Amino acid sequence: MDLASRYKGVVGQFFSNDNPSSNEDGYIQRVLDRVSNGTLPEDRRTAITELMSVVAESHAAQLAFGASGFPVILGILKEERDDVEMVRGALETLVSALTPIDHVKAQKTEVHPALMNSDLLSREAENITLLLSLLEEEDFYVRYHTLQILTALLMNSPNRLQEAILTIPRGITLLMDMLMDREVIRNEALLLLSHLTREAEEIQKIIVFEGAFEKLFSIIREEGGSDGGVVVQDCLELLNNLLRNNSSNQILLRETTGFDPIVSILKLRGITYKFTQQKTVNLLSALETFRLLIMGGSDTDPGKDANKLTNRTVLVQKKLLDHLLMLGVESQWAPVAVRCMAFRCTGDLIYGHPKNRDVLASKVLGEDRQIEPALNSILRIILRTSSLQEFVAADYVFKTFCEKNPDGQTMLASTLIPQPHSAARDPLEDDVNNMSFGSMLLHGICSGETDGDLETCCRAASVLSHVLKDNIQCKEKALKIALESSMPSFGAPEPLMHRTVRYLAVASSMKTKDVKSSATGKSYIQQIILKLLVTWTADCPAAVQCFLDSRPHLTYLLELVSDPAATVCIRGLAAILLGETVVYNKLKENGKDAFAVVDAISQKTGLTSYFSKIDEMQKISLFSSSEKPSQSHKPSTRSAAFSTDEIEDGDEAGVTDHPMLSSLFDDSFVGLVKSLEGNIRERIVDLYGRPKSEVALVPAELEQKSGENEKDYIYRMKAFIEKQCSEMQNLLARNATLAEELARAGGSQASQGSEQRASTVMEKVQMETLRRDLQETTQRLETMKVEKSKAESEATKYKNMAEKFESDLKSLSDAYNSLEEANYRLEKVKGGEPVDVEAIKEEAREESEAELNDLLVCLGQEQSKVEKLTARLMELGEDVDKLLEGVGDEAEIPSDDKEEEEEED
């Protein structure tokens, strides 16, 4: 194996005579020579110690060692196992050669010595076999340094090392045995296995069958569970690698070790509940383990759903929900990241699982008199927390609880009873026993009226949207709620929907306390309230009627759709809400019916502009690529550990659209918006395509009523006709507006649209005319071609007949001439005998003339046909002379004069 020749070209660039590093190269060569050729053992050991030191400190030395040092070191590992000092030195030298040097700036080059050396060493599978065999040595440092070398190779060349280990008998078994070794070696083996099991399904299965679960839980218990150090984190990272997207390993864990050892990690110990940074990371890693179990495996696994359902059921039976509520709700001293992850796991645990939802609904938290339902406590956190990340995570619990759970929604909606304003103290601090879920929610919605901050209002609105989603009974229940004003002198109680719309208008002019995020803060509040209104009015005519009961609502919504200061999402959601007042409008009152709303849209914004607002909203990333919050959490690893800032508060920068609204505007809401868009377009087209029902002629109204005199009948008919005319004028105006909007849609800009549209229409008309003319011409041409073919066929037929008649005439002439000759010879034979020659000639002439007359009659008939055919061919543009060229050249028909001359002779 010529290892040196592999890097000859690369190393030559650094160790040429012109490069000062060549001195180091010479030094490495001399030291290697002492190691391989030294006679005294002490001298060789000293030389290998020097080699290890210089390679650990110099990039040039690492390159020089990679060029020529591997054969020497590998020779020691193969042949000098008995000399433990030499083997240790050789392994430490390899560790130095494979470890990047960070504290010294490398030369400005793309060459990375540690990476190149790792590639060189891992190319030969026998090298990996040699290293794994060293794990069976008794010396502690030999095993320790061997694990360091394997870890370095895995970091630089993971795929190659994974393949090599799979092909080596007992390779993984030797690594697993290191977990039962001394602490330092065990920890190094944990790191190695954590890197080895990432995205390597075959290795994951083998490690599990080697008893990985039992060994990992044993180490976690020894280290103190969540209170342990980084070793616990390494164990949990390895455990997560084994469970991620692997249903078979999850089933094996559930049926062998069980979930109890994992659940026990979340149990908080001690009185002070101190949360160090390492403990926080350990808890996050354990929560991620539960998240992987709740997911059930890979999406492509056919048994994922069954495994997921079983895992969720067993986890709740193991009291996981109690520990999650302890971390997320009761341990308010826990870091925000831990509380948020606990809420996400809670939401995932109850999602689509009726029994788990019922367990959560029945949970009661607190002690002594300060007890309350768990859902109330979670709502209190939503309304009180200063962290938007925690609000989103806690809101996710209500989303999953209410999803396809009409009974749960009805239970929550039944508590929507507003308390008198004078008797309502701050429910977020006192009277927790007397404040129901619904009362607390309504108080949160109204809290912005007193302190001028709508942050709490929009959070309560988000929870209310989950309670009302896809539930007509809950929507109608909420419509009956009337809220008292903070100042009774303002008038009668105000419906909850009207109060919500008023807060939406207030949010448009509201200035947030944080100046740097004022624009995004206003946008955030408006979008959450708009989401509630869109969800509320969906498939609910009563909600649409309540919304339109106040005329300023429609006016404000039209202004919001065309507000240039609003964000794309706000204008789009306002357009969707406006469309719902058309689609679900069952009113017949003039000014509030669907026709009136569409007329208002056409006059205020224009239909093209209106639909463009919806299209623009659906193009933003918020609606085109939404993701669930439970899927957005990144796994915690030692290589990507949480920073202190992240642990203290996950994303206080979440006031921007994407970190928070991408979670609140989930796939379900995005799907609702897209379906509503299609219904809105269809409904508006339908309204323009047919008259109002009042316009239809009713025969009964045209009949004169009994007892009605002529004068009253005429007046009634006149009023009916005037009403019809008015309706017709309205229809004509709407159709004209629609035509104008549709015409505008053809142009890209309003200033250039008219000329471009006119030109486009003219071009289309001209193209259509030319297309029809071309089609007609083509058809005529095809007809003429057929007629021409028929004429040519007839011409050929008559030509053949003429040739036949000419041949017959020639034969007749030849026969006549033969007859004359025979007669002449006969006269000469008879000599002087008197023969009546004239009589014979006369007889022959009569016979010939009779035959000739018949022939001439036939020729005359054929000549008439030829003349007609010639005229037709000339009409078709054919050259008749050219067609008849050559006819009759071979034999001419004898003329009558010539025949007469012959007869006279």
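Residues numbered from 1 in each chain as written. Predicted model: local features only at pLDDT ≥ 70, side-chain atom pairs only at ≥ 80, totals over all residues. Heavy atoms only, no water.

Undergrad: Would you mind going over the overall build of the protein in detail, with residue names and values included?
TA: Helix and strand counts for the protein come out as 46 helices and 4 strands. Look at the contacts in the protein between residues 6 or more apart in sequence, and 74% of them connect residues 24 or more apart. (Helix = DSSP H or I, 4+ residues; strand = E, 2+ residues; numbered from the N terminus. Contact = heavy atoms within 4.5 Å.)

Undergrad: Could you give an account of helix 21 (residues 336-350), with specific residues and numbers?
TA: Spanning 15 residues, helix 21 covers 21 Å between terminal C-alpha atoms, matching the ideal 21 Å at 1.5 Å per step. Two residues or fewer past helix 21, Gly352 is found with a positive phi of approximately 70°. (Expected span 1.5 Å × (residues − 1).)

Undergrad: Explain the nonpolar core residue by residue, including any values.
TA: Leu77, Leu175, Tyr610 and Phe623 are the most contacted members of the largest nonpolar core, which totals 217 residues. Ignoring any residue separated from it by four or fewer positions in sequence, one finds Leu175 in contact with Leu132, Leu135, Leu147, Leu150, Ile165, Ala189, Leu192, Leu193 and Leu196. Core analysis: the second largest hydrophobic core is formed by 5 residues, Ala791, Tyr798, Leu869 and Leu873 among them. (Core = buried A, V, L, I, M, F, W, Y, C linked by side-chain atoms within 4.5 Å. Buried < 20%, exposed > 50% of the residue type's maximum accessible area, 1.4 Å probe, protein only.)

Undergrad: Which residues make up the side chain of Asn240, and what are the values?
TA: Among the secondary structure elements, Asn240 is positioned in helix 15 (residues 230-243). Excluding residues that lie within four positions of it along the chain, Asn240 makes contacts with Ser285, Glu288, Thr289 and Leu292.

Undergrad: Hey, could you go over a negative patch on the surface for me, with residue numbers and the actual values?
TA: Residues Glu843, Glu846, Glu847, Glu849, Glu851 and Asp854 make up a contiguous surface patch of negative charge. Considering the arrangement of structural elements, one finds Glu847 in helix 44 (residues 837-875). (Patch = residues over 30% accessible without salt bridge, like charges linked within 9 Å, V, L, I, M, F, W, Y side chains within 5 Å. Areas by Shrake-Rupley, 256 points an atom, 1.4 Å probe, with all protein chains shown as cover. Salt bridge = Lys/Arg side-chain N within 4 Å of Asp/Glu carboxyl O. Lys, Arg positive; Asp, Glu negative; His and termini not counted. Charge placed at Lys NZ, Arg CZ, Asp CG, Glu CD.)

Undergrad: Break down the pattern of salt bridges for me, with residues and values.
TA: This model, assessed by the stated rule, comprises 34 salt bridges. A salt bridge links Glu80 to Arg44, with the shortest nitrogen-to-oxygen separation between them at 2.8 Å. Of this pair, Glu80 sits in the loop between helix 5 (70-79) and helix 6 (84-98) while Arg44 sits in helix 3 (residues 41-57); the two residues are 36 residues apart in sequence, bridging distant segments of the chain. For Arg44, a relative accessible area of 14% puts it in the buried group. The salt bridge involving Asp139 is made with Arg88; its shortest N-O contact spans 2.6 Å. Placement of Asp139 in the loop between helix 8 (125-134) and helix 9 (140-156) and of Arg88 in helix 6 is noted, with a sequence separation of 51 residues between them.

Undergrad: Describe helix 29 (residues 472-479), and please don't skip the residues or the numbers.
TA: All buried positions along helix 29 are accounted for by Cys474, Lys475, Ala478 and Leu479. Around the axis of helix 29, the buried residues are gathered within 145° of arc, so they sit on the same side. Of the residues that open helix 29, the one with a side-chain oxygen 3.3 Å from the backbone nitrogen of Gln473 is Asn471. (Arc of directions from axis to C-beta. Polar contact = N/O pair within 3.5 Å; in protein donor to acceptor, adjacent residues only side chain to side chain.)

Undergrad: Mind laying out the packing of helix 7 (residues 113-122) against helix 9, listing which residues take part and the relevant values?
TA: Orientation of helix 7 relative to helix 9, taken along the N-to-C sense of each, is 105°, at an axis distance of 9 Å. One finds that helix 7 runs roughly perpendicular with respect to helix 9. For the pair formed by helix 7 and helix 9, the contact residues are Ala114, Leu115, Ser118, Leu121 and Ser122 on the first element and Ile149, Ala152, Leu153 and Asn156 on the second. Residues of the contact of helix 7 with helix 9, tallied by class, amount to 6 nonpolar, 3 polar and no charged. (Axes fitted to C-alpha atoms, helices over the stretch in contact; angles between N-to-C directions. Parallel < 35°, antiparallel > 145°, perpendicular 65-115°, else oblique. Nonpolar A, V, L, I, M, F, W, Y, C, P; charged D, E, K, R; others polar.)

Undergrad: Outline the environment of Ser508, listing residues and values.
TA: With respect to the helices and strands, Ser508 occurs in helix 30 (residues 496-509). Assessed through its relative accessible area of 24%, Ser508 is described here as partly exposed. Expressed as a C-alpha distance, the spacing of Ser508 and Ala565, which sit 57 residues apart in the sequence, is 9.4 Å.

Undergrad: Can you break down unusual backbone geometry residue by residue, with the values?
TA: Not every positive phi belongs to a glycine, and Glu199 is a case in point at roughly 55°. Along the chain, Glu199 falls in the loop between helix 12 (183-196) and helix 13 (201-209). Residue classification places Glu199 among the exposed residues on the basis of a relative accessible area of 81%. Phi is positive for Asp539, which is not a glycine, with a value near 60°. Assignment of secondary structure puts Asp539 in the loop between helix 31 (518-537) and helix 32 (541-548). Judged by relative accessible area, which is 48%, Asp539 ranks as partly exposed.

Undergrad: Which residues make up the side chain of His498, and what are the values?
TA: Tracing the chain through its elements places His498 in helix 30. In this structure His498 comes out as buried when scored by relative accessible area, which is 14%. There is a polar contact of 2.7 Å between the side chain of His498 and the backbone oxygen of Cys546. In contact with His498, not counting residues within four places along its chain, are Cys546, Asp549, Ser550 and His553.

Undergrad: Give me the packing of aromatic side chains: which residues, what numbers.
TA: If you walk through the whole model with that rule in mind, you get 6 aromatic pairs. Among the aromatic residues, ring-to-ring pairing joins Phe140, Tyr141 and Tyr144 into one connected group. Geometry around Phe275 places Lys279 over its ring, the cationic atom sitting 5.0 Å from the centre. (Phe/Tyr/Trp six-rings, centres within 6.5 Å; stacked < 30°, edge-to-face > 60°. Lys NZ or Arg CZ within 6 Å of the ring centre and 35° of its normal.)

Undergrad: Tell me what's going on with the confidence of the model for the protein, and back it up with residues and numbers.
TA: In low-pLDDT regions, the fine details of the predicted coordinates are not to be read closely. Scored by pLDDT, the protein has a mean of 79; 76% of the residues are at 70 or more. In this model residues 1-21 is a low-confidence stretch, pLDDT under 50, and it forms 43 contacts with partners more than four residues away in sequence or in other chains. Low confidence marks residues 693-698, where pLDDT is under 50. Its contacts with residues over four positions away, or in another chain, come to 4 contacts. (pLDDT = per-residue confidence, 0-100.)

Undergrad: Can you explain the state of the cysteines? Please cite residues and give values.
TA: By definition, a disulfide links the sulfur atoms of two cysteine residues through a covalent bond. According to the stated counting rule, one finds 0 disulfides in the structure shown. Take Cys457: it sits in no disulfide, and the sulfur closest to it among the cysteines is that of Cys458, at 6.9 Å. Look at Cys457 and you get buried, because its relative accessible area is 2%. (Disulfide = S-S within 2.5 Å.)

Undergrad: Talk me through the packing of helix 16 (residues 247-255) against helix 19 (residues 304-317); I want residue IDs and the actual numbers.
TA: Two elements in contact, helix 16 and helix 19, have axes separated by 11 Å at closest approach and are oriented at 30°. Relative to helix 19, helix 16 is oriented roughly parallel. By crossing handedness, the relation of helix 16 to helix 19 is classed as left-handed. Side by side, helix 16 and helix 19 meet where Ser247, Gln250, Ile251 and Arg254 of the first sit next to Lys304, Asn307, Thr310, Asn311 and Val314 of the second. (Left-handed = near helix turned anticlockwise from the far one by under 90°.)

Undergrad: Lay out the environment of Ser194 with the relevant residues and their values.
TA: Of note, Ser194 is situated in helix 12. Since its relative accessible area comes to 1%, Ser194 is described here as buried. Spatially, the C-alpha atom of Ser194 lies 9.2 Å from that of Asn240, the residues being 46 residues apart in sequence. A polar contact is formed between the side chain of Ser194 and the backbone oxygen of Leu190, at a distance of 2.8 Å.

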